Amino acid sequence: MASFKSIRGRVWPLLAALSVFWCFVSSAEAQQQASGFAVERFYQSAPGGGWFVMDDLDISGRLGGAISATSGYERNPLVITGPDGKQKLAVVSQEAFLDIGGSVTHDRFRAYLNIPMPLLVTGTSGKLGPYQYTAPNLTLGSSPDTVSDGRIGVDARLFGQPGDLLRLGAGAQLIFPSGNRSDYVSDARYGGMLRFLAAGDAGAFRYAGQLGVHLRPLNDAPVPGSPNGNEFLYGISGGRTFAGPSGWAVIAGPEIFGETAFHSFFSGETGTEALMTGRLEQTGTEHNLRIKLGVGHALQQNFGAAQWRIVYGVELFGHK
Amino acid sequence: MNPPSMFDVTKSVIAVLASLILAVSVASAQNGAPAPRPDDDFSLMKMLSDKGVHDIDNEGWNAYGQFTYISSWKPAFNAPYTNLNGSINSLLPTAERSFTGTATLYLGARLWKGAEGYLVPEVISEQPFSQLRGLGGAIQNFELQKGGATVPQVYRSRLFLKQTIGLGGKSIVEDSGPLQLGTHYDSRRLVFVAGNFTVLDFFDTNAFDIDPRQGFLGLGFMTYAAYDFASDARGYSYGGIAEFHWDDWAVRYGRITPPKQPNQLPVDFRLLKYYGDQTEIEHKHSLHGQEGMVRVLAYRNREDMGRFSDAITAFEADPAKNATTCTTFNYGSNNSTAPDLCWARKPNVKEGVGGFVEQYIGHDIGVFARGMYADGKTEVYAYTSTDRSATVGVLAKGTSWSRPKDLVGVGTNLGWISDIHAKYLGMGGVDGFVGDGAITAAVERSVDLFYSANFQKIYWLSGDYQHITDPGFNAARGPVNVFTVRIHGEF
């Protein structure tokens, strides 16, 4: 049996080689001049995170983890208003995706990977003022194997225990580029997220919230509707638990989430969505199941916030 | 370097090597040992298992990865003509370098009883010889994809669900590995697969279960060169597969998606209209104490493809319907005196049948052969231009010289085209890969000789030599020598 030290000696060169390879991917992609950007603003919580966007910070136990599959459809995630304030162009009018994720947990820590795959991204091309917009035309048939910007992240529960009234935590994500900007599925450059997380249980009620920063190098200002660099993230959720037999429960409640560019703090480039969610879950065993459904509408429909969306997902999770 | 003498040297080397291998096999013939046990391997999963936090024999999940870099060099070769009259599919006679770099993550999870899910993201960067033109089944590097680019591309190669229903019999151990959770199966079982995969994950799997990234480099050794299995430009498909295993027997059937247009990436999901059907019967046996396997595979594709005879008829009836006047999908030939398949595409059927045999002849040494006969009436739609193919080879692990993870192999791959295919190419026509503008029809042959040396357990450094005669089924050109180095790592 190889010692851990010798194993580590073999693995580090491998990881270094892969890192160099990914940097090559990044630099090569960054050289592309295609228009468009990653229009999706539905930044999911880590697999096993409970809510769709928020995180219940229920990380505990010995080695555990989760796998998740989430899919959804959204309408008009990118509608741009012309300089006259009247003309509108739905550059991205439909978007559907599938996201497969996996996480590993230990004690109060979680590491995870999310691989999103666009199934449909279409819209309408047109001209608004001096700007010409070319709509994406991505379908599963035309792009049968596209992976859009993926995420690797870590979360930690820093304060409180599962079930406590207040739990605090933090998380970081690396967003690695994949896919084409012209398909509106990628910024074609590395990004990141830093989030401060809060969650808690009060009897049958649960809540969660987040504040964070989306480190987004892409700044296409002054093109209307385009990213303006780093963004401020915010969100809150709350729900009631309806307990059933054998560890089954239904948790229902809203999630509100959004983002705004620091360059135009809570002015033009701000998008906010509300999602009514319900999830059926069985917990308390080594192998748990969660089925999620959410239906939402934009509160502030711009900057990638969809006019309406439906999302659904399933998670298998547990720990020893 | 004089190519004919090079071929003679190669034949001598092969003869010596084959003699050596056979001699070793006789000396150490004890049992038909399969691939090394997982205990010999290093992987992340093995490390977790050793630390007591992962049950590698009954896995709920696993994750494996690999990276491979292959660099090939082709010296200049003799060619009296290249891309004659504006045809475009000649292998260029100048010296060229080709490479591929891939990195893959294999993720697997048990979803419920008997159900396994797999997701495989991959990134590839590549540069083929001559834009991947001019060779049939003798393409020197199986990793090359149509439409690939030097700019790395990330894509999802597989996402599928596998459901196994046990029917009894003996309990068979399946070791943990890429696309395989460590588990036990009944020797009698039904298996259903649905999703996105390459059909080669299940049909005509590689000889002796050797990872192709450790074994032969040539495309013709991955499966039958004449097996034009329906797939997109990267070699992957959507569809479903059903398998029935009964002890040493297995029968499988699959229906998968073809591309919308030949050799392109977009997929046609109209599985009732256009499809690739295949069925395979497999039997494992033991011969004088050595394990072996025999398989018979038949395929039938229905795709929007052109028949060579129809393209010729259209051109002869109206020379204005030539390769430069296409109004639908075509390969961009500039030969105005040639027919083109663009004038002949309609729903057509392609069929083929083939056989495969592998046999251990000693400890960690085996021979294999496969051959396929396809009808040769229609154009290549996904794999190679070959209409009939035959491959023989010898593979050996380095157990006899105390390097059990090393691998050495030598083999030859032969490819034929049908008479009507040759007539079409002779008139200057092109298909997805070949078409020099003229042809002296011949058997395309390649000899592949490689050695993969393992170091630090997870890396393999390979040297490979291929000698290709009559490239593109054209005796007027070549032969071609290809020298390749490969570095491969697994974790």
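Residues numbered from 1 in each chain as written. Chains lettered and ligands numbered in written order. Predicted model: local features only at pLDDT ≥ 70, side-chain atom pairs only at ≥ 80, totals over all residues. Heavy atoms only, no water.

**A look at the overall build of chain B**
Here comes step 1: Helix and strand content of chain B: 4 helices and 18 strands.
Here comes step 2: For 491 residues, the compact-globule formula gives about 23 Å, and the C-alpha radius of gyration of chain B, at 22 Å, lands near that figure.
Here comes step 3: With respect to the three principal axes, the spread of C-alpha positions in chain B is 70 × 55 × 45 Å.
Here comes step 4: In chain B, buried positions account for 59% of the 491 residues.
Here comes step 5: Partitioning the contacts of chain B with sequence separation of at least 6, the portion at a separation of at least 24 is 71%.
Here comes step 6: When the accessible surface of chain B is split by element, carbon and sulfur atoms take 59% of a total near 17900 Å².
Here comes step 7: Between the centroid of the 43 positive side chains of chain B and the centroid of its 51 negative side chains there is a distance of 3 Å. (Helix = DSSP H or I, 4+ residues; strand = E, 2+ residues; numbered from the N terminus. Rg over C-alpha atoms; globule rule 2.2 N^0.38 Å. Buried < 20%, exposed > 50% of the residue type's maximum accessible area, 1.4 Å probe, protein only. Contact = heavy atoms within 4.5 Å. Areas by Shrake-Rupley, 256 points an atom, 1.4 Å probe, with all protein chains shown as cover. Lys, Arg positive; Asp, Glu negative; His and termini not counted. Charge placed at Lys NZ, Arg CZ, Asp CG, Glu CD.)

**Re the pairing of strand 8 (residues 167-176) of chain A**
Residues and elements named next belong to chain A.
Here comes step 1: Relative to strand 8, strand 7 (residues 150-159) is paired through 9 bridges, and the arrangement is antiparallel. Each residue of the ladder has a partner; that of Arg151, found in strand 8, is Ile175.
Here comes step 2: Note: strand 8 against strand 9 (residues 191-202), 9 bridges, orientation antiparallel. Bridge pairing links Ile175 to Gly191 in strand 9. (Pairing = 2+ DSSP bridges.)

**Describing the state of the cysteines**
Residue and element names in this part refer to chain B.
Here comes step 1: Counted by the stated rule, this structure contains 1 disulfide over all chains.
Here comes step 2: Cys326 shares a disulfide with Cys342; S-S distance 2.0 Å. Disulfide Cys326-Cys342: the torsion about the S-S bond is -85 degrees, which places it as left-handed. Of this pair, Cys326 sits in the loop between helix 3 (308-317) and strand 12 (345-362) while Cys342 sits in the loop between helix 3 and strand 12, and the two are 16 residues apart along the sequence.
Here comes step 3: Cys342 gets classed as buried once you look at its relative accessible area, which sits at 8%. (Disulfide = S-S within 2.5 Å.)

**Thoughts on the environment of Ala274(A)**
Residue and element names in this part refer to chain A.
Here comes step 1: Summarising the element assignment, Ala274 is placed in strand 13 (residues 270-282).
Here comes step 2: In sequence terms Ala274 and Pro136 are 138 residues apart; their C-alpha atoms lie 26 Å from each other.
Here comes step 3: In this view, Ala274 contacts Glu255, Ile256, Val295, Gly296, His297 and Leu299; residues no more than four positions away in its chain are not counted.

**A few points about a nonpolar patch on the surface**
Residue and element names in this part refer to chain B.
Here comes step 1: Nonpolar side chains collect at one region of the surface, where Ile165, Leu167, Phe192, Phe244, Trp246, Trp249, Val251, Ile281, Val296, Val353 and Tyr373 lie side by side and expose about 1000 Å² of accessible area between them.
Here comes step 2: Elements represented by at least two residues in the nonpolar patch include exactly strand 8 (237-246) and strand 9 (249-256).
Here comes step 3: Of the residues examined, Phe192 reaches a relative accessible area of 38% and is grouped as partly exposed. (Patch = residues over 30% accessible without salt bridge, like charges linked within 9 Å, V, L, I, M, F, W, Y side chains within 5 Å. Salt bridge = Lys/Arg side-chain N within 4 Å of Asp/Glu carboxyl O.)

**Details of the confidence of the model for chain B**
Residues and elements named next belong to chain B.
Here comes step 1: Confidence in the prediction for chain B averages 90 pLDDT; 92% of positions are at 70 or higher.
Here comes step 2: Ranking the elements of chain B by mean pLDDT puts helix 1 (residues 3-28) last with 38 and strand 9 first with 98.
Here comes step 3: Under a pLDDT of 50 for its full length, residues 1-38 has, in the predicted model, 51 contacts with residues more than four places off or in other chains. (pLDDT = per-residue confidence, 0-100.)

**Overview of the environment of Val430(B)**
Here comes step 1: Among the secondary structure elements, Val430(B) is positioned in the loop between helix 4 (419-426) and strand 16 (444-455).
Here comes step 2: The sequence separation of Val430(B) and Glu379(B) amounts to 51 residues, and the corresponding C-alpha distance is 9.4 Å.

**As for the side chain of Glu40(A)**
Residues and elements named next belong to chain A.
Here comes step 1: Within the fold, Glu40 resides in the loop between helix 1 (4-30) and strand 1 (64-81).
Here comes step 2: Polar side-chain contacts of Glu40 include one of 2.8 Å to the backbone nitrogen of Phe42.
Here comes step 3: In this structure, Glu40 is in contact with Glu74, Glu95, Phe97 and Arg309, ignoring residues within four places of it in sequence. (Polar contact = N/O pair within 3.5 Å; in protein donor to acceptor, adjacent residues only side chain to side chain.)

**What to know about helix 4 of chain B**
Residues and elements named next belong to chain B.
Here comes step 1: Restricting attention to buried positions, one finds in helix 4 the residues His421, Ala422, Tyr424 and Leu425. Viewed along the axis of helix 4, the buried residues span an arc of 160 degrees, placing them on a single side of the element.
Here comes step 2: In this structure, the buried side of helix 4 is in contact with helix 3.
Here comes step 3: Immediately beyond the C-terminal end of helix 4, within one or two residues, lies Gly428, with a positive phi of roughly 100 degrees. (Arc of directions from axis to C-beta.)

**Thoughts on the packing of aromatic side chains**
Residue and element names in this part refer to chain B.
Here comes step 1: Tallying each qualifying case throughout the model produces 29 aromatic pairs over all chains.
Here comes step 2: Ring centres 5.3 Å apart and planes at 45 degrees place the aromatic pair Phe308 and Tyr424 in the tilted group. With a gap of 116 residues between them, Phe308 in helix 3 and Tyr424 in helix 4 connect regions that are remote in the sequence.
Here comes step 3: Of the aromatic side chains, those joined through ring pairs into one cluster are Tyr224, Tyr227, Phe229, Tyr299 and Tyr383. (Phe/Tyr/Trp six-rings, centres within 6.5 Å; stacked < 30°, edge-to-face > 60°.)

**Section: helix 3 of chain B**
All names here are of chain B.
Here comes step 1: Those residues of helix 3 that sit buried are Phe308, Ala311, Ile312, Ala314 and Phe315. Viewed along the axis of helix 3, the buried residues span an arc of 160 degrees, placing them on a single side of the element.
Here comes step 2: As for helix 3, its buried residues are in contact with strand 11 (290-306) and helix 4.

**Examining the packing of helix 3 of chain B against helix 4 of chain B**
Think of two packed helices as two axes; the pair is described by the angle between the axes and how far apart they sit.
Residues and elements named next belong to chain B.
Here comes step 1: It is the contact of helix 3 with helix 4, at a shortest axis distance of 9 Å, that shows an interaxial angle of 40 degrees. The orientation of helix 3 relative to helix 4 falls into the category oblique. Of the two elements, helix 3 crosses helix 4, and the hand of that crossing is left-handed. Contacts from Phe308, Ser309, Ala311, Ile312 and Glu316 of helix 3 reach helix 4 at Ile420, His421, Lys423 and Tyr424.
Here comes step 2: Grouping the constituent residues of the contact of helix 3 with helix 4 by class yields 5 nonpolar, 2 polar and 2 charged. (Axes fitted to C-alpha atoms, helices over the stretch in contact; angles between N-to-C directions. Parallel < 35°, antiparallel > 145°, perpendicular 65-115°, else oblique. Left-handed = near helix turned anticlockwise from the far one by under 90°. Nonpolar A, V, L, I, M, F, W, Y, C, P; charged D, E, K, R; others polar.)

**Regarding the pairing of strand 2 (residues 88-106) of chain A**
On any regular strand, side chains alternate: one points to one face of the sheet, the next to the other face.
All names here are of chain A.
Here comes step 1: Counted residue by residue, strand 2 has 14 buried out of 19 residues, so it is predominantly covered.
Here comes step 2: The sheet contact formed by strand 1 and strand 2 spans 16 bridges and is antiparallel. Following the sheet pairing, Tyr73 is matched in strand 2 by Ala96.
Here comes step 3: The antiparallel pairing of strand 1 with strand 2 creates a hairpin that spans 6 residues between the two strands, and Gly85 there sits at a positive phi of about 75 degrees.
Here comes step 4: Bridge count between strand 2 and strand 3 (residues 109-122): 13 bridges; the pairing is antiparallel. Looking at strand 3, one finds that Ser103 is bridged to Tyr112.

**Some details on the environment of Ser333(B)**
All names here are of chain B.
Here comes step 1: Within the secondary structure, Ser333 sits in the loop between helix 3 and strand 12.
Here comes step 2: Judged by its relative accessible area of 4%, Ser333 is buried.
Here comes step 3: Sequence spacing of Ser333 and Ala323 is 10 residues, and the spatial spacing of their C-alpha atoms is 5.8 Å.
Here comes step 4: Beyond its immediate chain neighbours, meaning those up to four positions away, Ser333 contacts Gly86, Ser87, Ile88, Ala323, Thr324 and Val430.
Here comes step 5: Of note is the side chain of Ser333, whose polar atom sits 3.2 Å from the backbone nitrogen of Asn335.

**Points about the nonpolar core**
Here comes step 1: Judged by nonpolar contacts, the single largest core of 67 residues is most densely connected at Tyr227(B), Phe368(B) and Leu395(B).
Here comes step 2: Those residues in contact with Tyr227(B) that lie beyond four places of it in its chain are Val199(B), Leu200(B), Phe203(B), Gln278(B), Leu297(B), Tyr299(B), Met372(B) and Tyr383(B). (Core = buried A, V, L, I, M, F, W, Y, C linked by side-chain atoms within 4.5 Å.)

**Looking at the pattern of salt bridges**
Residue and element names in this part refer to chain B.
Here comes step 1: All told, the structure shown has 40 salt bridges over all chains when counted by the stated rule.
Here comes step 2: Asp204 is the partner of Arg370 in a salt bridge, and the nearest nitrogen-oxygen pair spans 3.1 Å. Taken together, the positions of Arg370 in strand 13 (residues 365-374) and Asp204 in the loop between strand 7 (188-197) and strand 8 put the pair 166 residues apart, joining distant regions of the chain. Asp204 matches Arg370 in its accessibility class, with the two residues each being buried.
Here comes step 3: When the shortest N-O distance is used, the salt bridge between Glu280 and Arg252 registers 2.6 Å. Residue Glu280 is found in strand 10 (residues 275-287), and its partner Arg252 is found in strand 9; the two are separated by 28 residues along the sequence. For the pair shown, Glu280 and Arg252 are each scored as buried.

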